[in-house]
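Tertiary structure, described
Take a look at the letters that make up each chain.
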Amino acid sequence: RQIAQTAIRIISESVTDGISPEEIASRIGCSRRYADKCLLAIHGKPLHKAIEDMRLDEAQRRLQDGIPVRDIVKSMHFTSANQFYRIFKRHFRKN
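Keep in mind it's a predicted model, so treat the numbers as computed, not measured.

Bringing the environment of alanine 41 into the picture now. Along the chain, alanine 41 falls in helix H3 (residues 32-43). Taking the C-alpha atoms as reference points, alanine 41 and threonine 16, separated by 25 residues in sequence, lie 25 Å from one another.

Written out as structure tokens, the structure is:
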């Protein structure tokens, strides 16, 4: 439980930094596989999905604040506007 809570805290604090699952696991002091297992047991999703969900939620807040897509793409380390649109659309169709 502690590992999952720490992972969520790190993701939340680093949502705009382009942090990877491996970096999170390293900061916690465990393997990525173990961190994934802990997060999956508590939150129902692995690290990469938790990171993606928090990034997209933050991107949505920024869009609502009127920040241009190109600025969001750059500041949140998306590869391209096309990648951002694709992931954003897929994420918010489900939710």
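Next comes the rest of the write-up.
Before going further, it helps to spend a moment on helix H1 (residues 2-13). Look at H1: 16 Å from first C-alpha to last across 12 residues, which is about the 16 Å you get at 1.5 Å a residue. Listed in full, the buried residues belonging to H1 are Ala4, Thr6, Ala7, Ile10 and Ile11. Mapping the buried residues of H1 onto a view down its axis gives an arc of 165°, with all of them on the same face. The exposed residues of H1 that point more than 90 degrees off its buried face are Gln2 and Glu13. On its buried face, H1 sits against helix H2 (21-28), H3 and helix H4 (47-64).

About the cut-offs
- Residues numbered from 1 in each chain as written.
- Predicted model: local features only at pLDDT ≥ 70, side-chain atom pairs only at ≥ 80, totals over all residues.
- Heavy atoms only, no water.
- Helix = DSSP H or I, 4+ residues; strand = E, 2+ residues; numbered from the N terminus.
- Expected span 1.5 Å × (residues − 1).
- Buried < 20%, exposed > 50% of the residue type's maximum accessible area, 1.4 Å probe, protein only.
- Arc of directions from axis to C-beta.
- Contact = heavy atoms within 4.5 Å.

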